[in-house]
Amino acid sequence: MRLGDTMARGIMKLGPGILPFADAATVELPMGRLLRLSLFQVTVGMAAVLLIGTLNRVMIVELEVPAWIVAVMLSLPLVFAPFRAIVGFRSDTHRSVLGWRRVPYIWFGTMLQFGGLAIMPFALLILSGDTTGPTWPGHVAAALAFVLVGAGLHTTQTVGLALATDLAPAHVRPKVVALLCVMLLVGMTVSAVVFGLLLADFSALRLIKVIQGAAVITIVLNGIALWKQEARDPGRTDKSAPRPAFSESWAQYTASGRARRRLVATGLGTAAFSMQDILLEPYGGQILRLPVAATTALTAMLAAGGGIGLLCAARWLNRGGDPFRVAAAGAGVGILAFSAVIFAAPLDSARLFTVGVTLIGLGGGLFAHGTLTASMSKAGPEDTGLALGAWGAVQASAAGLAIAASGILRDVGSYLATSGALGEGMNVPSTGYLIVYHLEIALLFATLIAIGPLVRDTAMRRTDGSAGRHVLANPSA
């Protein structure tokens, strides 16, 4: 019996040191409750993979929908991204007869996501021309479905992160952030594999089953995630209580703590890490002549690098690190990563390309964790939703615009190169890709310039705080 107790105590001591996120749990937020809460990130990742990955291919290849229509449909969810700050603000100030402020918005976002996924397969079938009537109802219904899913996942993620910030004590928030980001990666990875297997033998009926199954899974997992998470507060039941206007709260938020610079740095860095999203696999196949299996494995390498970045950021911040320094380190790693990707073409090195892709994931994980943690730490109890909504709005909008711009820049660069407008030395197939990668490096340098004053301010505050403690400890000094 004593031996068993000793072993149990030994395992408990080793757990936080060797198991990722084992020390993210606290008395206020136990591990079981934290893992339940993180399920909302799984459904967000599942929806993102379905929209950007699975349906992208299905609509173009199997349903033979024109590519320009697919591009427009996939861009519609981004229309809601700028409104994440308003959604977060409304969840901060919500008055409910049940005494909740976060739960109603998460549940409303879940229902939007469910409704969009429920009507999406039928809309896509009509959109593809599989109908005896006009196809315009398919265009309208598909657009509505994509907007609903986009609005739902943006609402759910924004308010879900705000709820996690409410529940987690300040000293474990970096670990909680890392866990939530990893659960997003888990949702995306598992969903991509499952959707690929289920739709390998494609049929219209199979498409309906898969997408509507995703709708059911979304509402079930988010329901489990919300169960008994937010305490009811009688102070929030009075709907007649005055609430600040969004413009006033926004002006107050942006006027404090260099919030504008923080958002600019977030947007620049996110754009820099996002422009390559649709180019890495074509670059590997067209320029480095990698087989399909090898280019598909790049997604796994990118995710693995991202997971390592999140773990490193969590450990760094847990030891008292500055989140802005973590973000800056991510930008620095990104510069090395894109340099490796660029030099892989003239050196014809698939190995160097793989290293670059992994480093892109590592740098992106560090940068995302650092900026999200900084947004959490700068938010007060009454403006958590606004702060995280602003971060999410900038991050999602910058990523969407960067992805769209990368495709345009790659095509324009390739056209100019092949036409001879850039000179004979630039008339190579890789020119369009390399223009984008060089622009990403330039954006990362701009990100470092934007982050610099934020790091300096944090260092000055810590120095002043240390000096103050020294004076208090030594009154005679």
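About the criteria used
Residues numbered from 1 in each chain as written. Predicted model: local features only at pLDDT ≥ 70, side-chain atom pairs only at ≥ 80, totals over all residues. Heavy atoms only, no water. Phe/Tyr/Trp six-rings, centres within 6.5 Å; stacked < 30°, edge-to-face > 60°. Helix = DSSP H or I, 4+ residues; strand = E, 2+ residues; numbered from the N terminus. Buried < 20%, exposed > 50% of the residue type's maximum accessible area, 1.4 Å probe, protein only. Patch = residues over 30% accessible without salt bridge, like charges linked within 9 Å, V, L, I, M, F, W, Y side chains within 5 Å. Areas by Shrake-Rupley, 256 points an atom, 1.4 Å probe, with all protein chains shown as cover. Salt bridge = Lys/Arg side-chain N within 4 Å of Asp/Glu carboxyl O. Core = buried A, V, L, I, M, F, W, Y, C linked by side-chain atoms within 4.5 Å. Contact = heavy atoms within 4.5 Å. Expected span 1.5 Å × (residues − 1). Polar contact = N/O pair within 3.5 Å; in protein donor to acceptor, adjacent residues only side chain to side chain. Bend = angle between axes of the 7 residues up to and from the residue. Axes fitted to C-alpha atoms, helices over the stretch in contact; angles between N-to-C directions. Parallel < 35°, antiparallel > 145°, perpendicular 65-115°, else oblique. Left-handed = near helix turned anticlockwise from the far one by under 90°. Nonpolar A, V, L, I, M, F, W, Y, C, P; charged D, E, K, R; others polar. pLDDT = per-residue confidence, 0-100.

Asker: Could you clarify how one ought to interpret the packing of aromatic side chains in this entry?
Answerer: The geometry of an aromatic ring pair is captured by two quantities: the separation of the ring centres and the angle between the planes. In total, this model carries 7 aromatic pairs according to the counting rule given. Ring centres 6.0 Å apart and planes at 40 degrees place the aromatic pair F273 and F367 in the tilted group. Pair noted here: F273 is in helix α11 (residues 259-274) and F367 is in helix α15 (residues 350-378), with a separation of 94 residues, a long-range link. Note on accessibility: F273 and F367 belong to one class, buried. On the basis of an interplanar angle of 65 degrees and a centroid distance of 5.3 Å, the ring pair of Y283 and Y433 is categorised as edge-to-face. In this pair, Y283 is assigned in helix α12 (residues 280-286) and Y433 in helix α17 (residues 431-473), connecting sequence segments 150 residues apart. Note on Y283: relative accessible area 0%, which makes it buried.

Asker: Looking at this structure, how should I read a nonpolar patch on the surface?
Answerer: Residues I408, V412, Y415, L416, L422, M426 and I435 make up a contiguous nonpolar surface patch of about 620 Å² in total accessible area. Per element, the largest residue contribution to the nonpolar patch is 4 residues, and it comes from helix α16 (residues 384-418). Among the structural elements, L422 can be located in the loop between α16 and α17.

Asker: Please explain the nonpolar core as it appears in this structure.
Answerer: General note: in soluble globular proteins, nonpolar side chains tend to be found buried as a group. Residues Y283, F338, F353, I360, Y437, L444 and I451 are the most contacted members of the largest nonpolar core, which totals 41 residues. Listing elements by their share of this core, those giving two or more residues are α11, α12, α14 (323-347), α15, α16 and α17. Contact partners of F338, with chain neighbours within four places excluded, come to A272, F273, Q276, I360, Y437, E440, I441 and L444. In this structure, L125, L127, V149 and L153 belong to the second largest nonpolar core, which totals 34 residues.

Asker: Which parts of the structure should I look at to understand the pattern of salt bridges?
Answerer: In a structure, side chains of opposite charge can pair up when their charged atoms sit close to one another. Counted according to the given criterion, the structure contains 5 salt bridges. A salt bridge links R102 to D166; its shortest N-O distance comes to 2.7 Å. One end of the pair, R102, is in the loop between α5 (84-93) and α6 (103-127); the other, D166, is in helix α7 (residues 136-167), with 64 residues separating them in the sequence. Its relative accessible area of 0% is what places R102 among the buried residues. Close ionic contact of D348 with R289 constitutes a salt bridge, the shortest N to O distance being 2.9 Å. Residue D348 is located in the loop between α14 and α15, and its partner R289 is located in the loop between α12 and α13 (292-318); the two are separated by 59 residues in the primary sequence. Take D348: its relative accessible area is 43%, and that puts it in the partly exposed class. On the accessibility criterion, R289 (57% relative accessible area) is exposed. In the salt-bridge network here, residues are joined through shared partners; they are D92, R101, R102 and D166.

Asker: Help me out: how do you make sense of α14 in this one?
Answerer: Its 25 residues place the ends of α14 36 Å apart at the C-alpha level, agreeing with the 36 Å of an ideal helix rising 1.5 Å per residue. Of the residues that open α14, the one with a side-chain oxygen 3.2 Å from the backbone nitrogen of F324 is D322. Just beyond α14, the residue with positive phi is D348, at close to 50 degrees.

Asker: Can you walk me through the side chain of E230 in this structure?
Answerer: Looking at the secondary structure, you find E230 in the loop between α9 (204-226) and α10 (246-254). The class for E230 is buried, based on a relative accessible area of 11%. Within the structure, E230 has its side chain in polar contact with the backbone nitrogen of R102 (distance 3.1 Å).

Asker: Mind showing me how you'd approach α6 here?
Answerer: In an α-helix, one full turn covers 3.6 residues, which means residues spaced three or four apart are oriented alike. In this model α6 runs 35 Å from its N-terminal to its C-terminal C-alpha over 25 residues, within 8% of the 36 Å that 1.5 Å per residue would give. Maximal helix bending in α6 amounts to about 40 degrees, located at M120; proline P121 follows within four positions.

Asker: When you look at the packing of α6 against α7 in this model, what are you seeing that I'm missing?
Answerer: For any two helices packed against each other, one specifies the crossing angle of their axes together with the interaxial distance. At their nearest, the axes of α6 and α7 sit 7 Å apart, and the two run at 155 degrees to each other. Taken together, the axes of α6 and α7 lie roughly antiparallel to each other. Judged by the twist between their axes, the crossing of α6 over α7 is left-handed. Taken together, the residues of the contact of α6 with α7 break down into 21 nonpolar, 11 polar and no charged.

Asker: I tried to follow the environment of W227 on my own but got confused; where do I start?
Answerer: By secondary structure assignment, the location of W227 is in the loop between α9 and α10. W227 sits in the exposed class, given a relative accessible area of 58%. Separated by 191 residues in sequence, W227 and R36 have C-alpha atoms that sit 8.4 Å apart.

Asker: I would appreciate a short explanation of unusual backbone geometry in the present structure.
Answerer: Note: most peptide bonds trans; most residues except glycine with negative phi. Even without being a glycine, K228 presents a positive backbone phi close to 55 degrees. With phi around 50 degrees, D348 is a residue other than glycine that occupies positive phi space.

Asker: Explanation requested: the confidence of the model for the protein in the structure shown.
Answerer: Any segment with low pLDDT has predicted coordinates that should not be analysed in fine detail. Taken residue by residue, the protein gives an average pLDDT of 80. The fraction at 70 or more is 83%. The weakest mean pLDDT in the protein belongs to helix α1 (residues 2-18) at 47; the strongest belongs to α14 at 93. Throughout residues 14-19 the model reports pLDDT below 50, and contacts reaching past four residues in sequence, or to other chains, amount to 4 contacts. A low-confidence stretch, residues 467-477 stays under pLDDT 50, and its non-local contacts, those more than four residues away or across chains, total 0 contacts.

Asker: Would you mind showing me how to read the side chain of T218 here?
Answerer: Looking at where T218 falls in the secondary structure, it is placed in helix α9. Take T218: its relative accessible area is 0%, and that puts it in the buried class. Those residues in contact with T218, other than ones at most four positions away along the chain, are T43, M46, T110, Q113 and L117.

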